[in-house]
Amino acid sequence: MGPPKHLKPKHKGKALVAGGLSGAIEICITYPIEYTKTFQQLSTERISMGGVVSRTISDNGVLGMYRGLSSMLYFATPKAAIRFGSFEAVSGMLVDEQGKDKFGLGKAKGFVAGLGAGTMEAIFVTTPQETLKVKLIHDQFFRDPPRYRGFFHGVATILKEEGVAECYKGLLPTILKVSTAQATRFGIFNAIPHEYRKTPWQAALSGAFAGGVSVLLFQGIDVIKSRMQGLESHKYKGPIDCTKKILASEGIAGLYRGVTPRLTRVCCEVGITMSLYGEVVKFLNKVWKTE
């Protein structure tokens, strides 16, 4: 995600590989936090992070915290690959053959490239992935007994009964969420001087900061997206209707449900992927000769 020049991939394929590997490793590390966040957002009752964890482990054991991981993991590699690959591609469009800024965007290049990367990610991967993840988690705790026996059974059932279009429920808020989030993360990360993100730890801290800012700015969009992709999505006519109903029944606090685990999750996610991406690119530049 916009590493210093010496860690830039020297071939477009390397951006895809580095992004994919970074995404897969990251989601395996941080998924329990993502699970907790999604559960809190779907619940209409106040429940703490500790409450979610204790209830899940009590009902389903430790592995219950990884319910829905498969939908994230199967998509993690292509999602991160598209994100980083699109970022590098759009970044390339914004400079000339000598690497000079074509449009005089300056530091804003990172925001523009991030906006394009987030849009591509949302359309091709994030929307169907998030829909499946939300439905699997929602099914586990709001149906007794759960209807879906696992990832493949859940996907097959959803596609058979509701069609492919169901996987694109919440497309608009997802595009809005992902594009603005990636624009913010890429933009802030690239605005931080290179000397402060040279090492993996520096890159991780810079990424965590960028991720945290994006969460605080756009948490409401994530809540609306989760509600529209859950098992009770039929209650909402669209993003605006969903927003009105949340505000009417839960107040402004309803738009910040799950903000603590999401803030934790995103800071970890962006920090890990920022540091891993640069290191994987550095390794690939050594073993994968493209010049």
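Residues numbered from 1 in each chain as written. Predicted model: local features only at pLDDT ≥ 70, side-chain atom pairs only at ≥ 80, totals over all residues. Heavy atoms only, no water.

1. Points about the overall build of the protein
Reasoning step 1: Across its full length, the protein holds 9 helices and 0 strands.
Reasoning step 2: In summary, the protein has a C-alpha radius of gyration of 19 Å against a globular reference of 19 Å for 291 residues, a match within 12%.
Reasoning step 3: Taking the principal axes of its C-alpha atoms as reference, the protein extends roughly 60 × 40 × 35 Å.
Reasoning step 4: Scored against the burial criterion, the 291 residues of the protein give a buried share of 53%.
Reasoning step 5: The contacts of the protein with a sequence gap of at least 6 include a subset with a gap of at least 24, amounting to 79%.
Reasoning step 6: When the accessible area of the protein is evaluated, it comes to approximately 13,400 Å², of which 65% is carbon and sulfur surface. (Helix = DSSP H or I, 4+ residues; strand = E, 2+ residues; numbered from the N terminus. Rg over C-alpha atoms; globule rule 2.2 N^0.38 Å. Buried < 20%, exposed > 50% of the residue type's maximum accessible area, 1.4 Å probe, protein only. Contact = heavy atoms within 4.5 Å. Areas by Shrake-Rupley, 256 points an atom, 1.4 Å probe, with all protein chains shown as cover.)

2. Examining the packing of helix α1 (residues 12–42) against helix α7 (residues 200–229)
Reasoning step 1: Interhelical geometry of α1 versus α7 gives an angle of 75 degrees and a closest axis separation of 9 Å. By the angle between their axes, α1 is roughly perpendicular relative to α7. Here α1 contributes Lys37, Gln41 and Leu42 to the contact with α7, which in turn contributes Gln219, Asp222, Val223, Ser226 and Arg227.
Reasoning step 2: Class assignment for the residues of the contact of α1 with α7 results in 2 nonpolar, 3 polar and 3 charged. (Axes fitted to C-alpha atoms, helices over the stretch in contact; angles between N-to-C directions. Parallel < 35°, antiparallel > 145°, perpendicular 65-115°, else oblique. Nonpolar A, V, L, I, M, F, W, Y, C, P; charged D, E, K, R; others polar.)

3. A word on the packing of aromatic side chains
Reasoning step 1: Under the defined criterion, the tally for this structure stands at 5 aromatic pairs.
Reasoning step 2: The interplanar angle of 15 degrees and the centroid separation of 4.1 Å between the aromatic rings of Phe84 and Tyr277 together place this pair among those described as stacked. On the criterion of sequence distance, the pair formed by Phe84 in helix α3 (residues 69–93) and Tyr277 in helix α9 (residues 259–287) is long-range, its members being 193 residues apart. The two residues Phe84 and Tyr277 agree in class, both being buried. (Phe/Tyr/Trp six-rings, centres within 6.5 Å; stacked < 30°, edge-to-face > 60°.)

4. Focus: the nonpolar core
Reasoning step 1: If you look at the biggest cluster of nonpolar residues, it comprises 16 residues, and the most contacted ones within it are Ala18, Phe84, Phe189, Met274 and Tyr277.
Reasoning step 2: When residues of this core are traced back to their parent elements, those giving at least two are α1, α3, α6 (171–191), α7 and α9.
Reasoning step 3: Formed by 12 residues, the second largest nonpolar core is a distinct cluster that contains Val52, Leu69, Val134 and Ile137. (Core = buried A, V, L, I, M, F, W, Y, C linked by side-chain atoms within 4.5 Å.)

5. Description of the pattern of salt bridges
Reasoning step 1: Applying the stated criterion across every chain, the model contains 18 salt bridges.
Reasoning step 2: With its nearest N and O atoms 2.9 Å apart, the salt bridge here joins Arg83 to Glu121. With Arg83 in helix α3 and Glu121 in helix α4 (residues 109–142), this pair connects stretches of sequence that are 38 residues apart.
Reasoning step 3: The exposure class assigned to Arg83 is buried, which follows from its relative accessible area of 4%.
Reasoning step 4: For Arg227, the salt bridge is made with Glu250, and the minimal N-O distance between the two is 3.0 Å. Taken together, the residues Arg227 in helix α7 and Glu250 in helix α8 (residues 239–250) connect sequence positions 23 residues apart.
Reasoning step 5: With relative accessibility at 7%, the residue Arg227 sits in the buried group. (Salt bridge = Lys/Arg side-chain N within 4 Å of Asp/Glu carboxyl O.)

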